[in-house]
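# Working through the structure, step by step
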Amino acid sequence: MLGFLLRLLPFWVREPLLIVVGSVFGVRIMYLAVHDRAWAPAGIGAAFLVFTAVRVHTVVKALRARRNPGPATAADEPATPAAAPPQPQVQQQPQTAAAQAPAPAPAAPEKEPNVWGQAVAAVAVFAALGAALWLGPELLPSDNTAASGPASCTSGEHEELPSAYTKTPRPVTGEEVCEALNRSDLAQLLGTPAETATTASGTNGTAPLTDEKVAQPEATVEFDTYTVNVSATYNHLTIAQYVKLMKFGEETDVRPLSVLGRPAVLSSDHTMKIEINLGGGSSGGPVEQGPLARTLTVAFDGKDRGGYFDITVWSESGALPDDSALLAIAEKVLPEVPARTV
């Protein structure tokens, strides 16, 4: 279909258009082939450039033919006899009225199209098509608009809450924590403003080793660089007691401080790497040590009467943002979490 449409175009429109398209695609494909060191794209790019060279040769040949029409040579003209025999004189007859009538005027030569005008029009058409293809996805609504936007929170809101969540006062849910964490400026707080959250989820779990008696809702938001997790632990452990326990653990770089007028502490520890085999056979590999994570633990209130928030950040590469990023997240996120303490 495309070839049929191209054949319908005039020569001086079709050829410049093919030259522009072939040169743009050929140079682009060759650049990508050299950058990626791939031979197959290089062959395709070379084919585009050869095709373009052929079209350029055709146009140049046609321009030369139009500018130099080539006068008839002497060899093409009929030879004049050197000595023509005398022709017998024929008595002229009186011309008739029809013979005396003037000959009809020759038809006016047909005006040829402007070559340069057609070439400029071809380039303008190609530029308009390129602009339409470039700006079309931005100007026209797309079905994938929602998929390219930030991730929304997902949680098991219809699942039955553990018995620890039925006590008074009722703890916050994982969905509420996720809504507070999944902010539009979270990536900027992490120092990666160009990134968009890929996943966001909240869960209604319980603290480990508590026989499901301590509620621990949490939320996780993932970016390409960092992953952020915020959890709320509804126990009676204070920050002061927590700092004392850290002295007997393997936490490193412990730094007590105050956040939002509440006792807090910064600490570092390694995450756990768990391999799960979804196929047949064994259930997976052993639990391994994952990348280093940085955690900011903040008390529920200024009097440190028990219970705390954990804000943890880590990355697959092991790189961590500055502690100022954790402090900024705490100052922005924690006030948005409903104030329900133990």
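Residues numbered from 1 in each chain as written. Predicted model: local features only at pLDDT ≥ 70, side-chain atom pairs only at ≥ 80, totals over all residues. Heavy atoms only, no water.

Residues separated by three or four positions in an α-helix point in the same direction, a consequence of the helix having 3.6 residues per turn. With 29 residues, helix α3 (residues 39-67) extends 42 Å between its outermost C-alpha atoms, agreeing within 8% with the 42 Å of an ideal straight helix rising 1.5 Å per residue. Buried within α3 we find Ala-42, Gly-45, Thr-52, Arg-55, Val-59, Ala-62 and Leu-63. (Helix = DSSP H or I, 4+ residues; strand = E, 2+ residues; numbered from the N terminus. Expected span 1.5 Å × (residues − 1). Buried < 20%, exposed > 50% of the residue type's maximum accessible area, 1.4 Å probe, protein only.)

Per the stated rule, a full pass over the model turns up three aromatic pairs. Measuring from ring centre to ring centre gives 5.5 Å for Tyr-242 and Tyr-308, while their planes differ by 10°; the resulting arrangement is stacked. With Tyr-242 in helix α9 (residues 239-246) and Tyr-308 in strand β8 (residues 308-314), the pair connects residues that are 66 residues apart, well separated along the chain. Tyr-308 carries the same exposure label as Tyr-242, and that label is buried. Ring centres of Phe-300 and Phe-309 lie 4.8 Å apart, and the angle between their planes is 75°; on these two criteria the pair is classed as edge-to-face. Overall, Phe-300 belongs to the buried group, its relative accessible area being 7%. (Phe/Tyr/Trp six-rings, centres within 6.5 Å; stacked < 30°, edge-to-face > 60°.)

The next subject is the nonpolar core. Ranked by size, the top nonpolar core spans 38 residues in total, and within it Leu-181, Leu-190, Leu-296, Ile-311 and Ile-329 carry the most contacts. If you list the elements that add at least two residues to this core, you get α7 (174-181), α8 (186-190), β3 (215-222), β4 (227-233), β6 (262-273), β7 (288-299), β8 and α10 (323-333). If near-sequence neighbours (up to four positions away) are discounted, Leu-296 is found in contact with Leu-257, Val-259, Ala-264, Val-265, Leu-266, Phe-309, Asp-310, Ile-311, Leu-326, Leu-327 and Ala-330. Core analysis: the second largest hydrophobic core is formed by eight residues, Leu-237, Val-265, Ala-299 and Tyr-308 among them. (Core = buried A, V, L, I, M, F, W, Y, C linked by side-chain atoms within 4.5 Å. Contact = heavy atoms within 4.5 Å.)

Quick look at the state of the cysteines now. In the structure shown here, the tally under the stated rule is one disulfide. Each sulfur in the disulfide pair Cys-153 and Cys-178 lies 2.1 Å from the other. Its S-S torsion of about -95° marks the bond between Cys-153 and Cys-178 as left-handed, since a negative value means left-handed. Placement of Cys-153 in the loop between α6 (145-148) and β1 (154-155) and of Cys-178 in helix α7 is noted, with a sequence separation of 25 residues between them. (Disulfide = S-S within 2.5 Å.)

For the rest of this paragraph, the subject is the confidence of the model for the protein chain. Looking at the protein chain as a whole, the pLDDT averages 75, with 64% of positions reaching at least 70. Ignoring residues within four places in sequence, the model shows residues 72-82, a span with pLDDT below 50, making zero contacts including any to other chains. (pLDDT = per-residue confidence, 0-100.)

This part takes up unusual backbone geometry. Located in the positive-phi region is Asp-211, a residue other than glycine, with phi close to 55°. Of note, Asp-211 is situated in the loop between β2 (199-206) and β3. Its relative accessible area of 63% is what places Asp-211 among the exposed residues. A positive phi angle, close to 55°, is found at Asp-304, a residue other than glycine.

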